[in-house]
Amino acid sequence: MAYSLKTSSLIDAPLCPKGLILMCGQMGSLSRDLSEWSERMRAVVMVVSENSMTFDWLREYAPKLDFLLVDSDYLGDTEATIDFCMQVRRATPRLPLILVSSEIRSHDFTCERMMACDVTLKPPLLHTALTLGVQAAYQNNDYYQTSR
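K.L.:
Before we go on, may I ask you to explain the overall build of the protein chain in this structure?
P.N.:
Assigned secondary structure in the protein chain consists of six helices and five strands. Secondary structure elements of the protein chain occur, N-terminal to C-terminal, as α-β-α-β-α-β-α-α-β-β-α. Taking 148 residues into account, the globule formula puts the C-alpha radius of gyration at 15 Å, and the protein chain, at 14 Å, falls close to it. Expressed as lengths along the three principal axes of its C-alpha atoms, the size of the protein chain is roughly 40 × 35 × 35 Å. Out of the 148 residues in the protein chain, the part that is buried amounts to 47%. Of the roughly 7900 Å² of accessible surface on the protein chain, a fraction of 52% belongs to carbon and sulfur atoms. In the protein chain, which carries 14 positive and 18 negative side-chain charges, the distance between the mean positions of the two groups comes to 6 Å.

As structure tokens, this is what we get:
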């Protein structure tokens, strides 16, 4: 199912109103791309490993986060990544979830994978793709909430 962006309602909305982004992965080129983008949004990126992030902790802090970005390449195989994303989704369904993977052909702003994530992006994370991806993640997460 394709879901189009309602850009008119998103253009004026701040993309990081809470000022905090969580990235599950490690420091490197992906976190640098995200940090450069987040500086423009006046937000901070917190990078954690999946082992140091418990689901109880995530449930407690999710309301303070703008979104969670998961680095699929860091987590390893596709099955483990999808399992992890689905656990995150069950623990914090209202937290927009962006999956980044070099295994995909191109960015996917649709909500076809909504059981696991709101958007899938392909690195490198250029400013425009990340902006569109975050906008789509918010919108797709809203759709996910209403479809449950």
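K.L.:
I'm lost on the nonpolar core in this one. Help?
P.N.:
Across soluble globular proteins, nonpolar side chains have a tendency to be buried as a group. By size, the foremost hydrophobic cluster in this structure holds 21 residues, and its most contacted members are Ile-21, Leu-34, Trp-37, Phe-67, Leu-69, Ile-98 and Val-134. At the level of secondary structure, the elements contributing two or more residues to this core comprise strand 1 (20-24), helix 2 (29-40), strand 3 (67-71), strand 4 (97-100), strand 5 (119-121) and helix 6 (127-147). Here the element with the most residues in this core is helix 6; it accounts for five residues. The contacts of Trp-37, once residues within four sequence positions are left out, are Leu-15, Cys-16, Ile-21, Phe-67, His-127, Leu-130, Thr-131 and Val-134. Cys-24, Cys-85, Val-88 and Ala-116 belong to the second-largest nonpolar core, a separate cluster that totals 18 residues.

What counts and what doesn't
- All residue numbers refer to position in the chain's written sequence, counted from 1.
- The model is predicted, so local features are restricted to residues of pLDDT at least 70 and side-chain atom pairs to those at 80 or more, both for listing and for counting; the totals for chains, interfaces and linings are taken over all residues.
- For side-chain calculations, the full set of non-hydrogen atoms in the structure is used, while hydrogens and water are omitted.
- Segments assigned H or I by DSSP are reported as helices when at least four residues long, segments assigned E as strands when at least two residues long, and all are numbered from the N terminus.
- Radius of gyration: C-alpha atoms only; globule rule: 2.2 Å multiplied by the number of residues to the exponent 0.38.
- Each residue is placed in one exposure class: buried if its accessible area under a 1.4 Å probe, protein chains only, is under 20% of its type's maximum, exposed if it is over 50%, and partly exposed if it falls in between.
- All accessibility values rest on the Shrake-Rupley procedure with a 1.4 Å probe; residue burial counts only the protein chains present in the view.
- Charged residues are defined here as Lys and Arg on the positive side and Asp and Glu on the negative side; His and the ends of the chain fall outside this count.
- Every charge is mapped onto a representative atom, which is NZ of Lys, CZ of Arg, CG of Asp or CD of Glu.
- Here the nonpolar core consists of buried residues drawn from Ala, Val, Leu, Ile, Met, Phe, Trp, Tyr and Cys, with membership extended through side-chain atoms lying within 4.5 Å.
- Contacts between residues were defined by any pair of non-hydrogen atoms, one from each residue, lying within 4.5 Å.

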